[in-house]
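Spelled out, the chains give:
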Amino acid sequence: MTKTLALFDLDHTLLPIDSDYEWGQFLVRIGAVDKDRFEKRNAEFFAQYQAGTLDAAEYLAFALGTLAQFPRTRLNHWRQQYMDEVISPAIRPSARNLIESHIKNNDLVAIVTATNKFVTEPIAKAFGVDHLIAALPEETDSGEFTGGLIGAPTSGEGKIAHTENWLRQMNLSFDSFDDTYFYSDSDRDLPLLSKVNHPVAVNPNSRLTEYARTQGWPLMHLFHD
């Protein structure tokens, strides 16, 4: 069994963009949602996120409620277009190489993100990561989105709870590993960063940079956008 667990945040850590915000902007660009109303609300939530004041449950109600407005087949088509036009050009070799170094070492690798699974599942696959811990949209029996969230948000302390639950399903825990890594850009991820024995501040915001330096954590810059 692998002795190393490697966990990665997604937005601004592996990607130089916020996949959730950009998905909203993509919907505006293709005319799927009302530009003025949606763009204003999306920008408000993004500003709250940057300021560290975002209510994750409130934002997910907005994001998942948007998904529920459209048939799943249409959403799947738009998601592929989004991947081709927005995400694929944003994936940098430096981020891909970091993940591949852990995969080649036979480490257990997962992306742990507050963004919902519908948006992030193909992004994890594009990075070659089999395990994704993300906010789970509620679906009907036929696979349509209801606008609801299954369980708690996967942010802050929630990242620990969801990761522990994922490990428990494999009869594992954090203590099953000699080395545990978590790579993140944000001080909002301090709970999980503090949980592992190898926290790495990647493209860190100013608050995480300051905290990481006081703790002697390594700082890594995968890109400078």
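Structure first, text after, so check above.
Along each chain, the written sequence defines residue order, and numbers are assigned to residues from 1. Totals for whole chains, interfaces and linings use every residue, but because this is a predicted model, local features are given only for residues with pLDDT of at least 70 and side-chain atom pairs only at 80 or more, for both listing and counting. Neither water nor hydrogens contribute to the side-chain values; these are computed over all heavy atoms in the structure.

Student: Even after reading the chapter, I still don't get unusual backbone geometry, so can you show me in this structure?
Tutor: In most cases, non-glycine residues show a negative phi, while peptide bonds are predominantly trans. Of note in the backbone geometry, N106 takes a positive phi value of approximately 65° without being a glycine. Structurally, the position occupied by N106 is in the loop between α5 (93-104) and β2 (108-116). Residue N171 is not a glycine yet carries a positive backbone phi of 60°. In this structure, N171 sits in the loop between α7 (157-168) and β5 (179-184). Given a relative accessible area of 72%, N171 falls into the exposed group. Labels follow the DSSP assignment, with helices taken as runs of H or I lasting at least four residues and strands as runs of E lasting at least two, numbered in each case from the N terminus. Each residue's exposure class comes from its accessible area (1.4 Å probe, protein chains only) as a fraction of the maximum for that residue type: buried when under 20%, exposed when over 50%, partly exposed otherwise.

Student: How do you make sense of the packing of helix α4 (residues 72-90) against helix α6 (residues 117-126) when you look at a structure like this?
Tutor: A pair of packed helices is characterised by two quantities: the angle between their axes and the separation of those axes. Taken N-terminus to C-terminus, the directions of α4 and α6 make an angle of 45°; their axes are 10 Å apart at the nearest point. Judged by the angle between their axes, α4 and α6 are oblique. Crossing angle aside, the handedness with which α4 passes α6 is right-handed. Here α4 contributes R72, L75, N76, R79, Y82, M83 and I87 to the contact with α6, which in turn contributes F118, V119, E121, P122, I123 and A126. Any residue outside Ala, Val, Leu, Ile, Met, Phe, Trp, Tyr, Cys, Pro, Asp, Glu, Lys and Arg is labelled polar, Gly included; the first ten of those are nonpolar and the last four are charged. Of the residues that constitute the contact of α4 with α6, the class distribution is nine nonpolar, one polar and three charged. For helices, the axis comes from a line fit to the C-alpha atoms of the stretch in contact; other axes are also lines fit to C-alpha atoms, and the angle between any two N-to-C directions lies between 0 and 180 degrees. Any angle between 65 and 115 degrees counts as roughly perpendicular, while under 35 counts as roughly parallel, over 145 as roughly antiparallel, and the rest as oblique. In this scheme the crossing of two helices becomes right-handed for a clockwise turn of the near helix relative to the far one and left-handed for an anticlockwise turn of less than a right angle. We call two residues in contact when some of their heavy atoms are within 4.5 Å.

Student: I'm lost on the environment of A135 in this one. Help?
Tutor: The topology assignment puts A135 in strand β3 (residues 131-139). Under the relative-accessibility criterion, A135 is labelled buried at 0%. A C-alpha to C-alpha distance of 26 Å links A135 and S94, two positions 41 residues apart in sequence. Beyond its immediate chain neighbours, meaning those up to four positions away, A135 contacts L60, T113, A114, T115, N116, K117, L149 and T154.

Student: What is the right way to read the packing of aromatic side chains from this model?
Tutor: The description of an aromatic ring pair rests on the distance of the ring centres and on the angle between the ring planes. Two rings belonging to Phe, Tyr or Trp (six-membered ring only in the last case) form a pair when the distance between their centres is within 6.5 Å. Interplanar angles under 30 degrees mark stacking, angles over 60 mark edge-to-face geometry, and anything in between is tilted. One pass over the structure, following the stated rule, counts 14 aromatic pairs. Arranged with centres 4.4 Å apart and planes meeting at 25°, the rings of Y21 and F46 form a pair that is stacked. Here Y21 is found in helix α1 (residues 19-29), whereas its partner F46 is found in helix α2 (residues 35-51), with 25 residues between them in sequence. The two residues Y21 and F46 agree in class, both being buried. Relative to W78, the ring of F70 lies with its centre 4.9 Å away and its plane at 75°, an arrangement referred to as edge-to-face. Here F70 falls in the buried class, since its relative accessible area comes to 10%. Members of the aromatic cluster, joined through ring pairs, are W23, F26, Y82, F118 and F145.

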